[in-house]
Amino acid sequence: MDVENVTDELLIQNSILAFIHNYKDHKWIDKYKELLSNIENGKYKVPEVRKRGRSAQRQKKAPASKDMAS
């Protein structure tokens, strides 16, 4: 899987699955399983950061006119 195609939801799911796998007897295991099922069902969505407008660019200077007196 390409790094650019990894979503935040997939990373969160992977970390929850790792927790469940490594800490089978932890007191929070039921909460993590519930959270994982909610994420898989689309109940919790990680909001995407919205990009603001256009990027700033320097203004291009107009070439000096040959007809102007200096």
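Notes on the structure follow. Along each chain, numbering runs from 1 in the same order as the chain's sequence is written. Residues qualify for local features only when their pLDDT is at least 70, as the model is predicted, and side-chain atom pairs are given and counted only at 80 or more; totals for whole chains, interfaces and linings, by contrast, use all residues. Computation of side-chain values covers all heavy atoms of the structure but excludes hydrogens and water.

So, the environment of T7
Here is step 1: Only DSSP runs of H or I reaching four residues or more are called helices, and only runs of E reaching two or more are called strands; each is numbered from the N terminus. Within the secondary structure, T7 sits in the segment before helix 1 (8-22).
Here is step 2: Partly exposed describes any residue whose relative accessible area lies between the buried limit of under 20% and the exposed limit of over 50%, with all areas from a 1.4 Å probe on protein chains only and scaled to the type maximum. Taking the relative accessible area as the measure of exposure, T7 reaches 39% and is therefore partly exposed.
Here is step 3: Between the C-alpha atoms of T7 and E48, which are 41 residues apart in sequence, the distance is 9.9 Å.

Some points on the nonpolar core
Here is step 1: Only buried residues count toward a nonpolar core. Its members are Ala, Val, Leu, Ile, Met, Phe, Trp, Tyr and Cys residues joined through side-chain atoms within 4.5 Å. Listed in full, the six residues of the largest apolar core are I16, F19, I20, I29, L36 and I39.
Here is step 2: Those elements that provide at least two residues to this core are helix 1 and helix 2 (29-40).
Here is step 3: Working rule for contacts: check all heavy atoms of both residues, and any pair within 4.5 Å makes them a contact. Here L36 is in contact with Q13, I16, L17 and I20, once residues within four sequence places are set aside.

Describing the packing of helix 1 against helix 2
Here is step 1: Lines are fitted to the C-alpha atoms to define the axes, a helix being fitted only along its stretch in contact, and any angle between axes, read from their N-to-C directions, falls within 0 to 180 degrees. Viewed as axis vectors pointing N to C, helix 1 and helix 2 meet at an angle of 155°, and their least axial separation amounts to 10 Å. One way to sum up the angle between helix 1 and helix 2 is to call them roughly antiparallel. Of the two elements, helix 1 crosses helix 2, and the hand of that crossing is left-handed. Together, I12, Q13, I16, L17, F19 and I20 of helix 1 and I29, Y32, K33, L35, L36, I39 and E40 of helix 2 make up the contact between the two elements.
Here is step 2: The residue classification treats Ala, Val, Leu, Ile, Met, Phe, Trp, Tyr, Cys and Pro as nonpolar and Asp, Glu, Lys and Arg as charged. All others, Gly included, are polar. In the contact of helix 1 with helix 2, the residues fall into 10 nonpolar, one polar and two charged. In this scheme, roughly parallel covers angles under 35 degrees and roughly antiparallel covers those over 145, while 65 to 115 is roughly perpendicular and the rest are oblique. Each crossing is labelled by how the near helix is turned from the far one, with a counterclockwise turn of less than a right angle marking it left-handed and a clockwise turn marking it right-handed.

Focus: the side chain of Q13
Here is step 1: With respect to the helices and strands, the residue Q13 is situated in helix 1.
Here is step 2: A residue is classified by how much of its surface remains accessible, and Q13, at 19% relative accessible area, is buried.
Here is step 3: Not counting residues within four places of it along the chain, the set of residues in contact with Q13 comprises L36, I39 and E40.

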